[in-house]
Amino acid sequence: MDRRFPFKVLEHIFSFVDSNEDRNSVSLVCKSWFETERRTRKRVFVGNCYAVSPLKVARRFPKMRSLTLKGKPHFADYNLVPDGWGGYAWPWIEAMAARRPFLEEIRLKRMVVTDECLEKIAASFRDFKTLVLTSCEGFSTDGIAAIASTCRKLRDLELRECIVDDLGGDWLSYFPETSTSLVSIDFSCLDSEVKLSDLERLLSRSPNLKSLKLNRSVTLDVLESLLRRAPQLVELGTGSFSDELDPEEIAKLTKALSELKQLKSLSGLWDLLPEYIPLLYSLCPRLTSLNLSYATVMDLIEDKGLKTVALCCKELRELRVFPSGADLDETDVTLTEQGLVSVSEGCPKLESVLYFCVQFTNAALVSIAKNRPNFRCFRLCVMEPFAPDYRTQQPLDEGFKAIVERCKDLRRLSVSGLLTDKAFEYIGVHAKKLRMLSIAFAGDSDLMLHHLLSGCQSLKKLEIRDCPFGDTALLENAAKLETMRSLWMSSCFVSFGACKQLSQKMPRLNVEVIDEHPPKTRPDSSPVERIYIYRTVAGPRLDTPEFVWTIHKSPEVGVSRLSIR
Amino acid sequence: MISELEMGKAESELELGLGLSLGGGTAAKIGKPGGGGAWGERGRLLTAKDFPSVGSKRAADSASHAGASPPRSSQVVGWPPIGSHRMNSLAAKSAREEEEAGKKKVKDDEPKDVNKKVQVGFIKVNMDGVAIGRKVDLNAHSSYENLAQTLEDMFFRGNPGTIGLTGQFTKPLRLLDGSSEFVLTYEDKEGDWMLVGDVPWRMFITSVKRLRVMKTSEANGLAARHQESNERQRK
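Predicted model, so just to flag it, every value in this text is computed and none were measured.

Draft legend 1. Fine view of the overall build of chain A. Broken down by element type, chain A carries 20 helices and 22 strands. In terms of principal-axis extent, the alpha carbons of chain A reach across some 75 × 65 × 60 Å. With 565 residues in all, chain A has 61% of them scored as buried. Put simply, chain A shows about 22,800 Å² of open surface, and 52% of that area lies on carbon and sulfur atoms.

Draft legend 2. Broad picture of the overall build of chain B. Check the secondary structure of chain B and you find 6 helices and 5 strands. Starting at the N terminus, the α and β elements of chain B follow one another as α-α-α-β-β-α-β-β-α-β-α. In chain B, buried positions account for 52% of the 235 residues. Nonlocal contacts in chain B, meaning residues at least 24 apart in sequence, comprise 61% of its contacts between residues at least 6 apart. A total of about 11,400 Å² of accessible surface is found on chain B, and carbon and sulfur atoms cover 52% of it.

Draft legend 3. Structural context of a nonpolar patch on the surface. Where nonpolar side chains cluster on the molecular surface, the patch consists of Phe 5, Val 9 and Ile 13 of chain A and spans about 260 Å² of accessible area. Here Ile 13 of chain A lies in helix H1 (residues 7-14).

Draft legend 4. Layout of the UniProt feature "domain: F-box" (unreviewed entry) in chain A. In this numbering, the UniProt entry assigns the feature "domain: F-box" (unreviewed entry) to residues 5-46 of chain A. Here residues 5-46 of chain A is 60% helix and 10% strand, with 29 Å between the C-alpha atoms at its ends.

Draft legend 5. Quick look at the pattern of salt bridges. Per the counting criterion, the structure on display carries 35 salt bridges over all chains. It is possible to trace a salt-bridge network through shared partners that takes in Asp 165 of chain A together with Glu 187, Lys 209 and Arg 210 of chain B.

Draft legend 6. View of the sheet that holds strand S2 (residues 134-137) of chain B. Residues and elements named next belong to chain B. The strand order across the open sheet built from 5 strands is S2-S1-S5-S3-S4, with neighbouring strands paired in mixed fashion. A strand with exactly one partner marks an edge of an open sheet, and here the two such strands are S2 and strand S4 (193-195). Pairwise comparison of adjacent strand axes, ignoring direction, gives a mean angle of 35 degrees for this sheet. By the bridge criterion, 7 bridges tie strand S3 (residues 182-188) to strand S5 (residues 208-215) in an arrangement that is antiparallel. Bridge pairing in S5 places Glu 187 opposite Arg 210.

Draft legend 7. Region of interest: helix H9 (residues 220-228) of chain A. Residue and element names in this part refer to chain A. By the criterion of burial, H9 is predominantly enclosed, with 7 of the 9 residues buried. Of the residues making up H9, those classed as buried are Leu 220, Val 222, Leu 223, Glu 224, Ser 225, Leu 226 and Leu 227. Looking at the packing, one finds that the buried side of H9 touches helix H8 (196-204), strand S10 (235-237) and helix H10 (247-258).

Draft legend 8. Summary view of the packing of aromatic side chains. All names here are of chain A. Per the counting criterion, the structure on display carries 20 aromatic pairs over all chains. Taking 5.2 Å as the distance between ring centres and 25 degrees as the angle between the ring planes, the aromatic pair formed by Phe 322 and Phe 356 counts as stacked. Highlighted residues: Phe 322 in the loop between strand S13 (318-321) and helix H13 (337-346) and Phe 356 in strand S14 (residues 352-357), separated in sequence by 34 residues. For Phe 356, a relative accessible area of 2% gives the class buried.

Draft legend 9. Spatial organisation of the pairing of strand S17 (residues 436-440) of chain A. Residues and elements named next belong to chain A. Burial analysis of S17 places 5 of its 5 residues in the buried class, which makes it a mostly covered element. Residues Met 436, Ser 438 and Ala 440 of S17 are buried on one face, and the alternating residues Leu 437 and Ile 439, pointing to the opposite face, are buried as well. Crossover connection from strand S16 (residues 412-414) via helix H16 (residues 421-430) to parallel S17: handedness right-handed. Examined bridge by bridge, S17 and strand S18 (residues 461-465) share 5 bridges and lie parallel to one another. Residue pairing in the sheet places Ser 438 in a bridge with Glu 463 of S18. Between the parallel elements S17 and S18, the chain passes through helix H17 (residues 446-455) in a crossover that is right-handed.

Draft legend 10. Geometry of the nonpolar core. Counting 173 residues, the largest nonpolar core has Trp 171, Phe 360, Phe 378, Leu 413, Ile 427, Ile 439 and Leu 462 of chain A as its most contacted members. When residues in this core are grouped by element, the largest group, 5 residues, is from H9 of chain A. With residues up to four places along the chain from it excluded, the contact list for Leu 413 of chain A reads Phe 378, Phe 400, Ile 403, Val 404, Ile 427, Leu 434, Met 436, Leu 437 and Ser 438 of chain A. Membership of the second largest hydrophobic core comes to 26 residues, among which are Leu 147, Leu 151, Met 154 and Phe 182 of chain B.

Draft legend 11. Region of interest: the packing of H8 of chain A against H9 of chain A. Residues and elements named next belong to chain A. The contact between H8 and H9 brings their axes to 9 Å, and the two run at 25 degrees. Our classification of the angle between H8 and H9 gives roughly parallel. Crossing angle aside, the handedness with which H8 passes H9 is right-handed. Residues Leu 196, Leu 199, Glu 200 and Leu 203 of H8 form the contact with H9, whose participating residues are Val 222, Ser 225 and Leu 226.

Draft legend 12. Representation of the confidence of the model for chain A in the model. In this model, chain A carries a mean pLDDT of 91, and residues with pLDDT of at least 70 account for 94%. Contacts for the low-pLDDT stretch residues 557-565 of chain A, under 50 throughout, to residues beyond four places or in other chains number 14 contacts.

Draft legend 13. Spatial organisation of the side chain of Arg 379 of chain A. In this structure, Arg 379 of chain A sits in strand S15 (residues 377-382). Once residues within four sequence positions are removed from consideration, Arg 379 of chain A is found in contact with His 74, Tyr 78, Arg 320, Val 353, Leu 354, Tyr 355, Arg 412 and Ser 414 of chain A.

Draft legend 14. Fine view of the packing of helix H5 (residues 90-99) of chain A against helix H6 (residues 115-124) of chain A. Residues and elements named next belong to chain A. Direction vectors running N to C along H5 and H6 enclose 15 degrees, while the axes themselves pass 10 Å from each other. The angle between H5 and H6 falls in the class roughly parallel. Classified by chirality, the crossing of H6 by H5 is left-handed. Taking contact as the criterion, the partners of Trp 90, Ile 93 and Ala 97 in H5 are, on H6, Glu 116, Cys 117, Lys 120, Ile 121 and Ser 124. Classifying every residue of the contact of H5 with H6 by side-chain character gives 5 nonpolar, 1 polar and 2 charged.

Rules used throughout
- Position labels on residues start from 1 in each chain and follow its written sequence.
- Think of it this way: whatever chain is written first is A, whatever ligand is written first is 1, and the rest follow in order.
- Since the coordinates come from a predicted model, pLDDT governs what is reported: local features require at least 70, and pairs of side-chain atoms require 80 or more to be given and counted, while whole-chain, interface and lining totals use all residues.
- Water and hydrogen atoms were dropped before computing side-chain values, which therefore reflect all heavy atoms in the structure.
- To qualify as a helix, a DSSP run of H or I must reach at least 4 residues; to qualify as a strand, a run of E must reach at least 2; elements of each kind are numbered from the N terminus.
- Throughout this description, buried means an accessible area under 20% of the type-specific maximum (1.4 Å probe, protein chains only), exposed means over 50%, and partly exposed covers the range between.
- Per-residue accessibility takes into account occlusion by the displayed protein chains alone, with areas from the Shrake-Rupley method and a 1.4 Å probe.
- Here, two residues are considered to be in contact whenever any of their heavy atoms come within 4.5 Å of each other.
- Residues enter patches when they are more than 30% accessible in relative terms and free of salt bridges; like-charged ones are connected within 9 Å and nonpolar ones (Val, Leu, Ile, Met, Phe, Trp, Tyr) within 5 Å.
- Salt bridges, as used here, are contacts in which a Lys or Arg side-chain nitrogen is within 4 Å of a carboxyl oxygen on Asp or Glu.
- UniProt positions are given in the numbering used here, feature names are shortened, and annotations may be inferred rather than shown by experiment.
- The pairing criterion is simple: DSSP has to find at least two bridges between the two strands.
- What counts as an axis is a line fitted to C-alpha atoms, over the stretch in contact for a helix, and the angles between N-to-C directions run from 0 to 180 degrees.
- Each Phe, Tyr or Trp ring (for Trp, its six-membered ring) is paired with any other whose centre lies within 6.5 Å, and the angle between the two planes then decides the class: stacked below 30 degrees, edge-to-face above 60, tilted in between.
- For a crossover, the right-handed case is the one in which the path from the first strand over the helix to the second runs clockwise, viewed with the strands pointing away from the viewer.
- We define a nonpolar core as any set of buried Ala, Val, Leu, Ile, Met, Phe, Trp, Tyr and Cys residues linked to one another through side-chain atoms lying within 4.5 Å.
- Our angle categories are set so that under 35 degrees counts as roughly parallel, over 145 as roughly antiparallel, 65 to 115 as roughly perpendicular, and the remainder as oblique.
- Left-handed is the label given to a crossing in which the near helix is rotated counterclockwise from the far helix by less than a right angle, and right-handed is the label when the rotation is clockwise.
- Every residue gets a pLDDT, meaning the predictor's confidence in that residue, from 0 to 100.
- Just so you know the grouping, Ala, Val, Leu, Ile, Met, Phe, Trp, Tyr, Cys and Pro go in nonpolar, Asp, Glu, Lys and Arg go in charged, and all remaining residues, Gly too, go in polar.

Structure below.
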């Protein structure tokens, strides 16, 4: 007797299961659930493009409408991954174009995307709606023009911090006059000027536009004209905020800003002049997200400024504060730990923070933890490596202990400053929901790594640079690595021999040694520059450049396991 | 001359941070945050000794220190962890501020538009015969000689007779004087490939899109160094 639910019933039930984690769990229950789930999954997320082959993904999910992929390791953002390492989008685009022509959404992060990829997308997916490229590179504005001109139903076109071969602002004029479907557009990372009239017309005919992120070359004097045409915006990234405006222009701009009744997120603000800050006050009460990355004006973004933020932005959920150029060179700064303490006191909904600061104290961290136990993402970058608590000269162990003890929902953490193994013992013991951890210039010994790998149950991504440990902890906790997406270690004390051993012991991990100047002979005891380890069911990748070593390349080991699948 | 053996020896001194002269020599090329010129630096583990204690006045900024002073936090590759977009933005901003403060001297023969804000940062460099492209931060350089030095270190490091360990670069520059196997070329904003060195530096950095270290034998199609340079400068 067939005790299973009919497919139609299961299908209906699964339609309520949204998150990919839940769907992954569902698919492990039994064969029929696996089959039903895979036939109904619409949104596919692949956190590491080398963990699985494009062909397998295309075949497994016949109804997929949305694909999200991530390529290079996170530290590639800071120039720690040499060019040419990998993360090519092409094999994925090609596989999907051939098998899944109803794909509507593609989101790529840290991948190499060429104009050919973009042209292929434009040509292959008839109902294509969403393209989001984050920290990608390899394409030019020609590729963007192809998307704009060909994808009739385009809703989202977002280029977030990409490195684009910018051939000019013409791409914007390629949106056909008939296209009215745009919901979000982000070209903040491009340099060239777009034609104002093209932009105005696009805004005028896009009643559904919710998110507009301009680039720096859009000057302040034209902002009013743009905002007038899009008062329904929920997210705004302004262009440059530094032109001199006359009183009449200021009045018009103030009015236009106050008309943005739905605005929740504000960014851009390049070169924000202090005298223009009051213009933004009308927006503050509703803001849930404030990104001051480019508003690097010493006069504004100091503790005083953050106190103002704390007072005005009661709905704030996310805050990012970057250093101004001066912070990087001088010790006299007016942005200190006090700024973050103020914001943590004043903004009850704050859950995500990225904060750069020259120095910090344990007391401040303890206050912050007490004020805001609801942090989900806490990234503190004390820019001075090994900087202790500047009042007590103690390591910042106790401060971070307070953070992980109190913030029970912490998912992502970046630590900095002077830290001993104790800090990592605390993290291992308390940070049970932590998924991603970034560490630099910290710890004393192997114990540090051991605490993390044996303690943090939910750990999925660990990235470490310039820390003094190596082989023992790595090899002892090898099994843990299969439960994680990836581990990155650079400038640590990992030996080549340990890499070989790990590769042999764990066939379902790809162990990559990335060494720009590999020595001619590599004794087992020699330290490696960078190691990137990730779990995979796709086997060794076939597109490794010369400077990436994997065990499959090494004749020394005597086992050649490289096979073409 | 850096032999394999010496590199290995420096490695073993990692934990004491004593390899300062080696570290200093390589760190000397990192002038600005992001350290675009520091590719290939061996994984030298920096310890607390390498950084002056917080609160003390730091040593005067000097990108070409001979290696005796420890590297500053802004001179370590990829630290502080700020993405290249923001680095470019910060570098361009400080370049503008310096201009406004009148610190930069403007040469008489430079056209006026050079005073506009300079929005360059990391650009790609490829070399014939080398599969891996690099990136170099133009803002960290002040002259062609500077740039050529960085590029030579990037691509020729490890060859006998190239750079000294202590950061004293006494050998003649090969990329700019046409005497070696390679020449330095660049693609400008109009898509033309030209030999580097013909226009004033400030003009160069506003018009360069990317660089290529080309075999001299292949560079014949480009305008020769001393011909037509007048024409180009009139642009």
